[in-house]
Amino acid sequence: MEIWINPACSKCRSALTLLDAEGAGYTVRRYLEDVPSTDEIREVLGRLGLEPWDITRTQEAAAKELGLKTWPRDAASRDRWITALAEHPKLIQRPIITADDGSAVVARTEEAVRDALSR
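Residues numbered from 1 in each chain as written. Predicted model: local features only at pLDDT ≥ 70, side-chain atom pairs only at ≥ 80, totals over all residues. Heavy atoms only, no water.

Asks: Help me understand the overall build of the protein chain, please; the structure alone is not making it clear to me.
Replies: Of the regular secondary structure elements, the protein chain holds five helices and four strands. The secondary structure elements of the protein chain, listed N-terminal to C-terminal, are β-α-β-α-α-α-β-β-α. Against the 2.2 N^0.38 benchmark of 14 Å for 119 residues, the protein chain shows a C-alpha radius of gyration of 14 Å, consistent with a compact globule. In terms of overall dimensions, the protein chain has C-alpha extents of about 40 × 25 × 25 Å along its principal axes. Burial analysis of the protein chain (119 residues in total) assigns 44% to the buried set. In the protein chain, of all internal contacts separated by at least 6 residues, the share reaching a separation of at least 24 is 62%. For the protein chain, the exposed area adds up to about 6100 Å²; of that, 45% sits on carbon and sulfur atoms. Treating the 17 positive side-chain charges of the protein chain as one cloud and the 20 negative ones as another, the clouds have centres 7 Å apart. (Helix = DSSP H or I, 4+ residues; strand = E, 2+ residues; numbered from the N terminus. Rg over C-alpha atoms; globule rule 2.2 N^0.38 Å. Buried < 20%, exposed > 50% of the residue type's maximum accessible area, 1.4 Å probe, protein only. Contact = heavy atoms within 4.5 Å. Areas by Shrake-Rupley, 256 points an atom, 1.4 Å probe, with all protein chains shown as cover. Lys, Arg positive; Asp, Glu negative; His and termini not counted. Charge placed at Lys NZ, Arg CZ, Asp CG, Glu CD.)

Okay, here's the thing in structure tokens:
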């Protein structure tokens, strides 16, 4: 499995601590440094079963500057959202774990991390 993290994020650190405690094998991706491409974001969204606005941190300064709260949340606007996430990776909700079975979870809770571990 792979986990997208921001080391400054307490939820990310908690997820890593739990993965380590469970002896899980995983790869860390510091997504602010190793920025996912639009194709990678599309793939992860497919694995999550979510839309880009579902994993967007709308309270971030960049979101406010872009006016994301006013953007339409529809199929026609999907690529615009994905491009914004690729250009401003800090907007991506974290941590995201991609499980070995092809699924993914936004692992902000212990339950979500355990869900990823069970796959």
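Asks: Where do I start with the sheet that holds strand 2 (residues 27-30) in this structure?
Replies: The four strands lie next to each other as 2-1-3-4, forming an open sheet whose pairing is mixed. One side of each edge strand has no neighbouring strand; the edge strands of this open sheet are strand 2 and strand 4 (104-106). Each strand of the sheet is rotated relative to its neighbour by a mean of 20°, with strand direction disregarded. Inspection of the sheet shows strand 1 (residues 2-5) paired to strand 2 by four bridges, in the parallel sense. Bridging across to strand 2, I3 finds its partner in V28. Sheet contacts for helix 5 (residues 110-117): strand 3 (96-98) and strand 4; angle to strand 4, the most-contacted strand, approximately 170°. (Pairing = 2+ DSSP bridges. Axes fitted to C-alpha atoms, helices over the stretch in contact; angles between N-to-C directions.)

Asks: Got a minute to help me understand the packing of aromatic side chains in this structure?
Replies: Under the definition given, this model contains two aromatic pairs. Ring geometry for W53 against W81: centres 5.8 Å apart, planes inclined by 70°, an arrangement best described as edge-to-face. Placement of the pair is W53 in the loop between helix 2 (38-48) and helix 3 (61-66) and W81 in helix 4 (residues 78-87), with a sequence separation of 28 residues. Look at W53 and you get buried, because its relative accessible area is 12%. Exposure remark for W81: the relative accessible area of 1% places this residue in the buried category. Joined through ring pairs, the aromatic side chains of W53, W71 and W81 make up one cluster. Above the ring of W71, the side-chain terminus of R80 is found at 3.8 Å from the ring centroid. (Phe/Tyr/Trp six-rings, centres within 6.5 Å; stacked < 30°, edge-to-face > 60°. Lys NZ or Arg CZ within 6 Å of the ring centre and 35° of its normal.)

Asks: Got a minute to help me understand the nonpolar core in this structure?
Replies: The nonpolar side chains of a soluble globular protein tend to be buried with one another. I41, I55, I92 and I96 are the most contacted members of the largest nonpolar core, which has 20 residues in total. Elements supplying a minimum of two residues to this core: helix 2 and helix 4. Residue contributions to this core peak at five residues, all from helix 4. Within the second largest apolar cluster, 16 residues are counted, among which are M1, I3, A15 and A112. (Core = buried A, V, L, I, M, F, W, Y, C linked by side-chain atoms within 4.5 Å.)

Asks: It is not clear to me how the environment of A75 should be interpreted in this structure. Could you clarify?
Replies: Counting through the fold element by element, A75 comes out in the loop between helix 3 and helix 4. Of the residues examined, A75 reaches a relative accessible area of 71% and is grouped as exposed. In this structure, the C-alpha to C-alpha distance between A75 and D34, residues 41 residues apart in sequence, is 27 Å.

Asks: Honestly, the pairing of strand 1 in this entry has me stumped. Any pointers?
Replies: In the case of a regular strand, side chains alternate between the two sheet surfaces. Bridge count between strand 1 and strand 3: three bridges; the pairing is antiparallel. When the sheet's bridge partners are listed, I3 is paired in strand 3 with I97.

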